[in-house]
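Fold and geometry: a report
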Amino acid sequence: MPGSGRPILAVTLPSRARGVCKMTASDHPHDDSPDTVQAFHRLAASDAGPEHDVLCEELIDAWLPMAHRIARRFRNKGENAEDLQQVAAIGLLKAVNRYDPEQGAFEPYAVPTIRGELRRHFRDYTWDVRVPRRVQDLRSQVRAARRRLQERPGTSGEPSIEELAAETGLSAEEVRDGMEALESYSALSLDAQTTTGENGYSIADTLGHTEGGFALAEDREAAKESLKALPERERTVLYLRFFEDMTQQRIADQLGMSQMHVSRLITRTCATVRDQALDPAA
């Protein structure tokens, strides 16, 4: 979809001669409501094939201005105008394909279909933070109830959770979920400034960072019991090597053993401590 990056069906509508779709604005509430009664009857009577497709395209082309008019009513919700027109065109396509001319006029059938497609688009694609459908429905109920309460005479300020619950028939917990969802439709950038002036800082500045010392502390705690259980000679070798930072040769000279033997002791002892730390039950 242009502008938003969300994939959506692009409806390409050719401009055709409208011999079957004559505009008679004086007989309709809008100047974008063409007289297509005969065309719809011909479409309903036609079988699948080239003629059917041509009629369908001409009807969509004729009613497209109406679809764009409906799309403009949603223009203040943060979506690109071209995106909204594409969504409205998809709704119009569905309306043309499903319409039965024996059931009444086309416009009263098409308008709710197009509006429903636009509302479904906002419901499914435009949330910055994705929330479950149930919570989206709670949001709609809470928002409508809050508006009703605020518009009542003598009301001032925000209605309480209890007032919203009484108005909607929801539980207090459901109202809270709906209130939280009100803040999920759009999100702030991490670069957004929380204060102004020279001492201002962004949201990203308030986030913590991973502390590497935590992992070291966990490893020490995990190895503590295994180190206590080691024989004194092995414990001494590890202490001199890793805490006194002595070379293997110096350790060998101090303890009266070969450097090779010190190396084997370190390797074997470290493996024992590691295995017991990873699996204390072993």
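What counts, and at which threshold
Here the residue index of a chain counts from 1 through its sequence in written order. Two thresholds apply to this predicted model, a pLDDT of at least 70 for residue-level local features and 80 or more for giving and counting side-chain atom pairs, whereas whole-chain, interface and lining totals are computed over all residues. Computation of side-chain values covers all heavy atoms of the structure but excludes hydrogens and water. To qualify as a helix, a DSSP run of H or I must reach at least 4 residues; to qualify as a strand, a run of E must reach at least 2; elements of each kind are numbered from the N terminus. By this rule, a helix spans an expected 1.5 Å times one less than how many residues it contains. Burial classification: accessible surface area is computed with a 1.4 Å probe over protein chains only, and a residue below 20% of its type maximum counts as buried, one above 50% as exposed, and the rest as partly exposed. Between Lys or Arg on one side and Asp or Glu on the other, a salt bridge is scored when a side-chain nitrogen of the former is within 4 Å of a carboxyl oxygen of the latter. Every residue is assigned a pLDDT by the predictor, reflecting its confidence on a scale from 0 to 100. Should any heavy atoms of two residues lie within 4.5 Å, those residues are considered in contact. The arc in question is the one traced by the directions running from the helix axis out to the C-beta atoms. Only buried residues count toward a nonpolar core. Its members are Ala, Val, Leu, Ile, Met, Phe, Trp, Tyr and Cys residues joined through side-chain atoms within 4.5 Å. Each axis is a line fitted through C-alpha atoms, and for a helix only the stretch in contact is used; angles between axes span 0 to 180 degrees, taken between their N-to-C directions. Here roughly perpendicular refers to angles of 65 to 115 degrees, roughly parallel to angles under 35, roughly antiparallel to angles over 145, and oblique to all remaining angles. Here a crossing is called left-handed whenever its near helix is offset anticlockwise from the far helix by less than a right angle, and right-handed whenever the offset is clockwise. In the scheme used here, Gly and all other residues not listed as nonpolar or charged are polar, with Ala, Val, Leu, Ile, Met, Phe, Trp, Tyr, Cys and Pro taken as nonpolar and Asp, Glu, Lys and Arg as charged. Whether two aromatic rings pair depends on their centres lying within 6.5 Å, for rings of Phe, Tyr and Trp, where Trp uses its six-membered ring; planes under 30 degrees apart make the pair stacked, over 60 edge-to-face, and the rest tilted.

A look at helix α3 (residues 81–98)
The α-helix winds at 3.6 residues per turn, so residues separated by three or four positions along the chain end up facing the same way. If you check α3, its first and last C-alpha atoms are 26 Å apart, about what 18 residues at 1.5 Å a residue would give, namely 26 Å. Along α3, the residues that are buried comprise D83, L84, V87, A88, A89, I90, G91, L92, A95 and V96.

A closer look at the pattern of salt bridges
Two side chains bearing opposite charge may form a pair once their charged atoms approach each other closely. Inspection of the entire model under this criterion finds twelve salt bridges. In this structure, R69 engages E107 in a salt bridge whose closest nitrogen and oxygen atoms are separated by 3.6 Å. Highlighted residues: R69 in helix α2 (residues 50–72) and E107 in helix α4 (residues 106–125), separated in sequence by 38 residues. Considered together, R69 and E107 belong to a single accessibility category, that of buried residues. Across the salt bridge formed by R152 and E167, the nearest N and O atoms sit 2.8 Å from each other. One end of the pair, R152, is in the loop between α5 (133–151) and α6 (161–168); the other, E167, is in helix α6, and 15 residues separate them in sequence.

Brief notes about the confidence of the model for the protein
Summing up the model confidence of the protein, the mean pLDDT is 78 and the portion of residues at 70 or higher is 74%. The lowest-confidence element of the protein is helix α8 (residues 212–228), averaging 79 in pLDDT; the highest-confidence one is helix α10 (residues 248–255), averaging 92. Across residues 1–29, confidence stays below pLDDT 50; counting only partners more than four residues off in sequence or on other chains, it has 60 contacts.

Details of helix α1 (residues 37–45)
Taken as a whole, α1 has its buried residues at A39, F40 and L43. On an axial view of α1, the arc spanned by its buried residues comes to 100°, and they lie on one face. Turned more than 90 degrees away from the buried face of α1, the exposed residues are Q38, A44 and A45.

Quick notes on the nonpolar core
By size, the foremost hydrophobic cluster in this structure holds 29 residues, and its most contacted members are F40, L92, V96, F106, I114 and L118. Among the secondary structure elements, those contributing two or more residues to this core are α1, α2, α3 and α4. Among the elements that take part in this core, α2 stands out by supplying eleven residues, more than any other. Sequence-distant contacts of L92, that is, excluding residues within four places in its chain, are made with I60, W63, L64, A67, F106 and I114. With nine residues, the next largest nonpolar core counts V237, L240, M257 and L265 among its residues.

Some details on the environment of E58
Tracing the backbone shows E58 in helix α2. Residue E58 is classed as buried on the basis of its relative accessible area of 14%. In the structure, E58 is positioned 22 residues away from T36 in sequence and 9.7 Å away in space, judged by C-alpha atoms.

Some details on the packing of helix α9 (residues 232–242) against α10
Where α9 contacts α10, the axes come no closer than 10 Å and their chain directions differ by 140°. Relative to α10, the element α9 lies oblique. Judged by the sense of rotation from one axis to the other, the crossing of α9 with α10 is right-handed. Touching T236, V237, L240 and R241 of α9 are Q248, I251, Q254 and L255, all from α10. Along the lines of polarity and charge, the residues of the contact of α9 with α10 split into four nonpolar, three polar and one charged.

Notes on the packing of aromatic side chains
Taken as a whole and assessed by the stated rule, the structure comprises six aromatic pairs. With a centroid separation of 4.5 Å and 35° between ring planes, the pair formed by F40 and F106 is classed as tilted. Taken together, the residues F40 in helix α1 and F106 in helix α4 connect sequence positions 66 residues apart. Each member of the pair, F40 as well as F106, is classed as buried.

A few points about unusual backbone geometry
A positive phi angle is found at D245, which is not glycine, with a value near 60°. Position of D245 relative to the elements: it lies in the loop between α9 and α10. D245 gets classed as exposed once you look at its relative accessible area, which sits at 61%.

Here we look at the environment of R148
Relative to the helices and strands, R148 resides in helix α5. The class for R148 is partly exposed, based on a relative accessible area of 38%. Separated by 16 residues in the primary sequence, R148 and L164 place their C-alpha atoms 9.9 Å from one another.

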